[in-house]
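Each chain, written out:
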Amino acid sequence: MVTGSGPVQSRSGAPAHQAAGSTPGQGHRPGAAARRDLCLDQAVVLIEDAIQYRSINHRMDARSLWLYRWYYSSSSQWILSFTIFLILALAFVETPSSLTRTSDVRYRPAPWEPPCGLTEGVEALCLLVFVADVSVKSYLIGWAQFRRNPWLLAYLVVLVASLLDWTVSLSLVCQEPLRVRRLLRPFFLMQNSSMMKKTLKCIRRSLPEMASVGLLLAVHLCLFTVFGMLLFTGEKDAGQDRERLTYFFNLPEALTTLLVLLTTANNPDVMIPVYSRNRAYAIFFIAFTLIGSLFLMNLMTAIIYNQFRGYLMMSLQTSLLRRRLGTRAAYEVLSSVTAEGEAHPKRLGVKPEDFLQVLQKVQLDSDHKQAITEKLHSRGDGLLSTDEFQKLFYEFDKRVIKEHPPRPEYQSPFLRSTQFLFGHHYFDYLGNLMALGNLVTICVFLVLDAHVLPKDRDDFVLGILNCIFILYYLLEMLLKVFSLGLQGYLSYSSNVFDGLLTIVLLVLEISTLAEYGFPHRGWKPATLGLLSLWDMTRLVNVLIVFRFLRIIPSMQLMSLVASTILDLIKNMRAFGGILVVIYYVFAIIGISLFQGVIVAPRNSSLASVNGSAPCGSFEQLEYWPNNFDDFAAALVTLWDVMIVNNWQVFLDAFRRYAGPWSEVYFVLWWLVSSVIWVNLFLALILENFLHKWDRRSHLQSFTQELEDTSEMTQELPFRDVLEEPTEEELVEKLSRHPHLQLCR
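Definitions and limits used
Residues numbered from 1 in each chain as written. Predicted model: local features only at pLDDT ≥ 70, side-chain atom pairs only at ≥ 80, totals over all residues. Heavy atoms only, no water. UniProt positions renumbered as here; feature names shortened; annotations may be inferred. Helix = DSSP H or I, 4+ residues; strand = E, 2+ residues; numbered from the N terminus. Buried < 20%, exposed > 50% of the residue type's maximum accessible area, 1.4 Å probe, protein only. Axes fitted to C-alpha atoms, helices over the stretch in contact; angles between N-to-C directions. Left-handed = near helix turned anticlockwise from the far one by under 90°. Contact = heavy atoms within 4.5 Å. Nonpolar A, V, L, I, M, F, W, Y, C, P; charged D, E, K, R; others polar. pLDDT = per-residue confidence, 0-100.

- By the naming in an unreviewed UniProt entry, the protein goes by Two pore channel protein 2 and is assigned to Bos taurus.
- Listed in UniProt under the heading Subunit (unreviewed entry), the comment for the protein reads: "Homodimer. Interacts with LRRK2. Interacts with HAX1. Interacts with MTOR; the interaction is required for TPCN2 ATP sensitivity. Found in a complex with LSM12, TPCN1 and TPCN2. Interacts with LSM12."
- UniProt lists a comment for the protein under the heading Sequence similarities (unreviewed entry), and it reads "Belongs to the calcium channel alpha-1 subunit (TC 1.A.1.11) family. Two pore calcium channel subfamily."

Below you can see the structure in the form of structure tokens.
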């Protein structure tokens, strides 16, 4: 433990407030006051860095601190995020435009194309924002740090390339055949997310192991391709001949057939011609599927999970180190203020009043500020030591839960008994039971009316039952408001969910009754207003089914699964961002390669009419909307291929329309999306769920102390796994700060 450190100084040996780049105006202010104000501002920024898990390796002079806080303000970050969204969204408007009702080549009208200079002008504004972004970042961290940061160097290169390509576009009046900068746009999304960078690092770390399994898969495919071509020669057997002509005609087709079989998309179609003649041929296909799909592909999943299982812990460990380093640096800065106030300081520490002054300036929600302030006041007087200062910021690791408002107090014994009865959790169970009953009635009528046309249905009974259930939902809501009070009722998110849907259901039911009258025999759907009776009933039933989700928090295992899903959604920005990047890049490449190759049947001799097309072909299945004629259609086509259901249809169609080389594109897309990204997503699910499941009993006891005042953030469930950084580690990292130097 450090017990005697002096003021924080810059690398030049001057105090930190006099670091390089400080404003000249500081010299005209009283020296002690100016130093104190600057140290307090430094502490504010360092604490904000700790809250947001940011690096503290940036300039610490007054002008830089002001610029730093402005750059990370919510408005500046919102502008940057909106700019990234805007430049990515340009692909939907740029030529070829996606602004049509359908992507079907048979019905797609000529789209509106923006005039030259419109989207280019918007893109120029976006690029200027990025130029300002990289300029501010490079200034704040300093040139020495900038040269060692590969992401910022790549940021600069991408900007230069984009500006050059933009200039070429204008000089050619937007008639250039290829816009390279469109392929570079996803980089702006990646460089702005530290989690995406870590995810890419994890993928890069997994590539050698994945390559080894990929090599085994390639050997497996090649061997069985040769075996298949030797087996299905078609010389003596009609089934063999049909198999050879359809699936094993030549080496590329045989290889493609077995690659598709690896995903089971064409099983058992590929086996039927020879299996119908001799059942022994099934051994070939079963052996191929067992080794390839069930062993090697699952081995790929295991390797990716093995590499990823420590990824979350490493990320949280890095975040914890940044938080502790930021708070420790703030302690050093504030302790230097204390030391400067005394001629011969006997003990190092932070004055509580200095800390409170800094806390008021920090961008932090009021609940956390209040919790930290109360914890500070609960201790005795005197200077804050290092441990005491760090423990104050343990409140950052918790999300403060606001206490529910007190229940209303009634004088009447009857009202108090009623309040107790309808405020009990058993009343919630009754509500769940009623919601289940409502759902069952809807399912029963869906089964009974499955073969009845909507115009012939009699919704008399279902209409009455829906009225009864909705009246119960209204009564339940009013009784809960009576028991908990309006503010207490609204303090529970489940009650807000129930209440909102109940009000919507009530409004729809009143509208239905006003338009069509009370349910009666022969209550037939008719359009008297905006919606027919059938449409109104369907909308009510959809909302009732949606309201049934209220039952999830009441079931422990289902609640665990649901909480895992919610955590995944909260932490999916990095993985969702990676998916956006690969979709964007492959869509732009697909448009460049395959735009216009899929044409309407009447316009091409290659496209057969539906009646003469082979069964299961692109034309017979009418997959015409799946093409690369615009960005939106390309995204949907890539999604359909990623699911790998019938993706052999796309391989066959684009091979016929564009050439055999098109298969390389789709195989690469399958490897990147279905093999790598989907398995990475599966690893994320397993990592989150297994940690929740394994530590569920531990956390139940661990959180008893916290349940009245706080709930866990992402780091707290793994606190027993994470290691607190040592004092030596923190001091060593602070000593290597590029813009501060600890004088001891």
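Next, the rest of the story.
**Some thoughts on unusual backbone geometry**
Consideration 1: The peptide bond linking Thr95 to Pro96 adopts the cis configuration, its omega dihedral lying at 0°.
Consideration 2: A cis amide bond links Asn267 to the next residue, Pro268, at an omega of 5°.
Consideration 3: Even without being a glycine, Val644 presents a positive backbone phi close to 60°.
Consideration 4: Mapping Val644 onto the fold places it in the loop between α26 (631-642) and α27 (647-658).
Consideration 5: Its relative accessible area of 16% is what places Val644 among the buried residues.
Consideration 6: With a phi close to 65°, Asn646 is a non-glycine residue in the positive phi region.
Consideration 7: With respect to the helices and strands, the residue Asn646 is situated in the loop between α26 and α27.
Consideration 8: The partly exposed category is assigned to Asn646, whose relative accessible area is 22%.

**Concerning the packing of helix α1 (residues 31-51) against helix α2 (residues 62-71)**
Consideration 1: At their nearest, the axes of α1 and α2 sit 10 Å apart, and the two run at 35° to each other. Crossing handedness for the pair α1 and α2: left-handed. Taken together, the residues of α2 that come into contact with α1 (itself represented by Leu38, Asp41, Gln42, Val44, Val45, Glu48 and Asp49) are Ala62, Leu65, Tyr68 and Arg69.
Consideration 2: Among the residues making up the contact of α1 with α2, the classes are represented as six nonpolar, one polar and four charged.

**Description of the confidence of the model for the protein**
Consideration 1: Confidence in the prediction for the protein averages 80 pLDDT; 79% of positions are at 70 or higher.
Consideration 2: For the protein, the element scoring lowest by mean pLDDT is strand β3 (residues 710-712), at 40; α26 scores highest, at 95.
Consideration 3: Here residues 1-29 scores under 50 on pLDDT; set against residues more than four positions off or in separate chains, the count is 75 contacts.

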